[in-house]
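# Coordinates in review
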Amino acid sequence: MDRNHVIIFDTTLRDGEQSPGATLNTDEKLEVARQLARLGVDVIEAGFPASSPGDLDAVQRISREIHGPTICALARCIRSDIDAAWQGVQEAARRRIHVFISTSDIQMEYQLRMTRDQVLARAREMVAHARSLCDDVEFSPMDASRSDREFLYAVLSAAIEEGATTLNIPDTVGYSVPGEFASLIRDIRTHTPGIEKATISVHCHNDLGMATANSLAAVLEGARQIECTINGLGERAGNAALEEIVMALYTRRDYFGVSSNVVTQELYPTSRMVSSFTGLSVQANKAVVGANAFSHESGIHQDGILKHRQTYEIMDAHMIGLTDSSLVLGKHSGRHAFADKLEQMGYHLEPEDLNRAFARFKELADRKKSITERDLEAIVSDEVFQPGEVYRLLQVQVSAGDKAIPTATVQLEGPDGRVITDAAHGTGPVDAVYKAINRIVQVPNELVEFSINAVTEGIDAVGEVTIRIEACVDDESTMPLNAQTERRKLLFSGHGANTDIIVASARAYMSALNKLIAVRGQAATVPPRAN
Ligand code: KIV
Ligand code: ZN
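Residues numbered from 1 in each chain as written. Chains lettered and ligands numbered in written order. Predicted model: local features only at pLDDT ≥ 70, side-chain atom pairs only at ≥ 80, totals over all residues. Heavy atoms only, no water.

### Some points on the coordination of the zinc ion (ligand 2)
- The zinc ion (ligand 2) binds to the protein through Asp-15 (OD), His-203 (NE2) and His-205 (NE2); the donor distances cover 2.0 to 2.1 Å.
- Of note, the zinc ion (ligand 2) draws all its donor residues from one chain, in the sequence arrangement D-x187-H-x1-H. (Donors = N, O, S within 2.8 Å, 3.2 Å for Na, K, Ca; no water.)

Next comes the structure, spelled out in structure tokens:
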């Protein structure tokens, strides 16, 4: 093992997908996995196959179709979970099973209702079982940072004896602080018999905003795998953000003395793709990939930047895949120039997607004088990063005003190819559009979040709408232990972009609704458009 190399373990598709409202369908997971492979991550944690048949299916497809990274599946220390994880990854060229069990007293007593001895024995037995199936086994003592140290060393050592090749130390509830987490890793290295045979990994949550700092502190103490997610997605406040980890290791390589395999130029396109698919927007001041990460407002800073970039910039925007966002294409630009520009921006589209995106570009160029990279990102996100359509929006028309009753007429194409038109009035034009769509689709849900942003400045700017809807669905999940179907409220996000904000709002609603309908009934989708 190269001691100067840090393994980047991406868990966007597993822990990241546990973010409320971030549910992805199998096609979206495959797209994200393809992009993660381009990004150069070493390991993709593709899912938790025992949690639902859908998750198993996604892990299997990723294992078959994605080449390069190791494909990993998560399992509790339960035989059937491990068997499902193996079923998920066995066809991958490089595969890993990741087993976990809680080791903190609080989780063992109240959640598992097991004693320390029982947990130790179960961990031993299940790591051995995983290892009998797969050469590459990762073991995680969940809530390690709140676990009794001596017990933790004993469980880790047992896992090594049974053949675990990676030992992952999770700060499950984001409780640790950097100095303390660093000494935890140092102590584990000194007190765990056999530790030199395994790679030490860390998995930090961001409840106190310290996930990245904790992970990096662990690297200084010899951790050589970091588990992280794109845009820092994940359970509750999320996980350590991959882009922050990678750029910190790169920018401060003088300090850390280690490197990763990540192709940093793919960071920004990956962030955009994940944000579009999950509907979770990236905050403007987010480190590395936020909209303001490379913009300078104060006069003193701008003056410094103009004189010499490095006066106020520690990273080159090109390094993360951002190119010049001023005018890029115009009305007369052809398909070739359009495709080239998207490639330069890190978007690698299939021919069919490219055709649709190009048609949208032409439409936009007729309405808007200058097309910037942000406009192109909005087009790709609206046209390509969308779920399969069960219903397709064909037309939307509204009448509104301070003395008018807001009224909308919409036309949708249904799964059987039938074109359906309906109308409704509402408290405003967007409400009227959503009500008219509801009259056709008839899937009860509640709009819980609606946000709108202008992609660029000016009256002709493209508006981007992101929404979340909540609905009851039959959850086929097999968690916790007993397989059962229960009705649960789930969140579905959607996004849409258009120079007309009513159209953008309608598209965002259709995107969320199509996800909801797919989860409810696995209905057939409308065939792709032929342009
Ligand atoms: O946060 C956590 O402890 C986890 C484990 C399954 C590694 O996600
Ligand atoms: Zn986690």
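### A few points about the site of ligand 1
- Close contacts around ligand 1 come from Arg-14, Asp-15, His-98, Phe-100, Ser-140, Met-142, Asn-168, Pro-170, Thr-172, His-203 and His-205, and that covers them all.
- Here Arg-14 contributes a side-chain N or O atom positioned 3.0 Å from an oxygen atom of ligand 1.
- Between ligand 1 and the protein, one listed contact pairs an oxygen atom with a side-chain N or O atom of His-203 at 3.1 Å.
- Contact with the protein chains covers 94% of the free accessible surface of ligand 1, which is 260 Å².
- Going through the elements one at a time, strand S4 (95-102), strand S5 (137-142) and strand S6 (166-171) are the ones with two or more residues in the shell around ligand 1. (Near = heavy atom within 4 Å. Polar contact = N/O pair within 3.5 Å; in protein donor to acceptor, adjacent residues only side chain to side chain. Areas by Shrake-Rupley, 256 points an atom, 1.4 Å probe, with all protein chains shown as cover. Helix = DSSP H or I, 4+ residues; strand = E, 2+ residues; numbered from the N terminus.)

### Things to note about the sheet that holds strand S11 (residues 419-425)
- One open sheet accounts for 3 strands, arranged S9-S10-S11; its pairing is antiparallel. Single-partner strands in this sheet number two, and they are strand S9 (392-399) and S11. When the angles between neighbouring strand axes are averaged without regard to direction, this sheet yields 15°.
- As paired elements, S9 and strand S10 (residues 407-413) share 7 bridges and run antiparallel to each other. (Pairing = 2+ DSSP bridges. Axes fitted to C-alpha atoms, helices over the stretch in contact; angles between N-to-C directions.)

### Brief notes about a nonpolar patch on the surface
- On the surface, Leu-447, Phe-450, Ile-452 and Ile-501 cluster together into a nonpolar patch covering about 320 Å² of accessible area.
- A total of 3 residues in the nonpolar patch trace back to one element, the largest contributor, which is strand S12 (residues 446-454).
- Residue position: Ile-452 is located in strand S12.
- The class of Ile-452 is partly exposed, set by a relative accessible area of 38%. (Patch = residues over 30% accessible without salt bridge, like charges linked within 9 Å, V, L, I, M, F, W, Y side chains within 5 Å. Salt bridge = Lys/Arg side-chain N within 4 Å of Asp/Glu carboxyl O. Buried < 20%, exposed > 50% of the residue type's maximum accessible area, 1.4 Å probe, protein only.)

### Remarks on the sheet that holds S4
- Taken in spatial order, the 8 strands line up as S1-S2-S3-S4-S5-S6-S7-S8 and close into a barrel, and their pairing is parallel. Across the sheet, the mean angle from the axis of one strand to that of its neighbour is 25°, orientation sign disregarded.
- Bridge count for strand S1 (residues 7-10) against strand S8 (residues 225-228) is 4 bridges, and the pairing is parallel. Bridged to Asp-10 within S8 is Cys-228.
- The strands touched by helix H2 (residues 53-65) are strand S2 (43-47) and strand S3 (70-76); relative to S2, the strand with the most contacts, the crossing angle is about 150°.
- Its contacts with the sheet put helix H4 (residues 105-112) on S4 and S5, and the angle it makes with S4 is roughly 85°. (Contact = heavy atoms within 4.5 Å.)

### What to know about the pattern of salt bridges
- Taken as a whole, this structure holds 45 salt bridges when the rule is applied.
- A salt bridge links Arg-61 to Asp-27, with the shortest nitrogen-to-oxygen separation between them at 3.4 Å. Placement of the pair is Arg-61 in helix H2 and Asp-27 in helix H1 (residues 26-39), with a sequence separation of 34 residues.
- Classification of Arg-61 as partly exposed rests on a relative accessible area of 24%.
- Owing to a relative accessible area of 48%, Asp-27 belongs among the partly exposed residues under this scheme.
- A salt bridge links Arg-439 to Asp-422, with the shortest nitrogen-to-oxygen separation between them at 3.0 Å.

### Thoughts on the environment of Asp-382
- By secondary structure assignment, the location of Asp-382 is in helix H15 (residues 373-383).
- Using a relative accessible area of 1% as the deciding quantity, one classes Asp-382 as buried.
- Along the backbone, Asp-382 and Ala-508 are 126 residues apart, and their C-alpha atoms lie at a distance of 8.6 Å.
- Once you skip the residues sitting within four places of it in the chain, Asp-382 turns out to touch Arg-360, His-495, Gly-496, Ala-497 and Arg-507.

### A short note on the confidence of the model for the protein chain
- Across the protein chain, the average pLDDT comes to 91, with 95% of residues at 70 or higher.
- Taken together, the stretch residues 480-484 has pLDDT below 50 and engages in 7 contacts with residues farther than four places along the chain or on a different chain. (pLDDT = per-residue confidence, 0-100.)

### As for the packing of helix H11 (residues 267-278) against H15
- Where H11 contacts H15, the axes come no closer than 10 Å and their chain directions differ by 45°. By the angle class used here, H11 and H15 are oblique. Taken as a pair, H11 and H15 cross one another with a handedness that is right-handed. Contacts from Tyr-268, Arg-272 and Ser-276 in H11 reach Arg-374, Glu-377, Ala-378 and Ser-381 in H15.
- In terms of residue class, the contact of H11 with H15 is built from 2 nonpolar, 2 polar and 3 charged. (Parallel < 35°, antiparallel > 145°, perpendicular 65-115°, else oblique. Left-handed = near helix turned anticlockwise from the far one by under 90°. Nonpolar A, V, L, I, M, F, W, Y, C, P; charged D, E, K, R; others polar.)

### Notes on the environment of Val-59
- Within the secondary structure, Val-59 sits in helix H2.
- For Val-59, a relative accessible area of 0% gives the class buried.
- Counting along the chain gives 446 residues from Val-59 to Ser-505, while the straight-line C-alpha distance between them is 33 Å.
- Contact partners of Val-59, with chain neighbours within four places excluded, come to Ala-46, Gly-47, Pro-49, Ala-73, Gly-88 and Val-89.

### Observations concerning the packing of aromatic side chains
- The tally for this structure, following the rule as stated, stands at 8 aromatic pairs.
- Geometrically, the ring pair formed by Phe-277 and Phe-385 is tilted, given 5.1 Å between the ring centres and 55° between the ring planes. With a gap of 108 residues between them, Phe-277 in helix H11 and Phe-385 in the loop between H15 and S9 connect regions that are remote in the sequence.
- Cluster of aromatic residues (ring-pair linked, three or more members): Phe-277, Tyr-347 and Phe-385.
- Just above the ring of Tyr-250 sits the side chain of Arg-253; from NZ or CZ to the centre is 4.2 Å. (Phe/Tyr/Trp six-rings, centres within 6.5 Å; stacked < 30°, edge-to-face > 60°. Lys NZ or Arg CZ within 6 Å of the ring centre and 35° of its normal.)

### Concerning the pairing of S3
- Of all 7 residues in S3, 7 are buried, a share of seventy percent or more.
- Side-chain alternation along S3 places Thr-70, Cys-72, Leu-74 and Arg-76 on one buried face and Ile-71, Ala-73 and Ala-75 on a second face that is also buried.
- Note on the crossover from S2 through H2 to S3: the handedness is right-handed.
- Direction of pairing for S3 relative to S4: parallel, over a ladder of 6 bridges. Note on S4: the bridge partner recorded for Cys-72 is Arg-96. (Right-handed = clockwise from strand over helix to strand, strands pointing away.)

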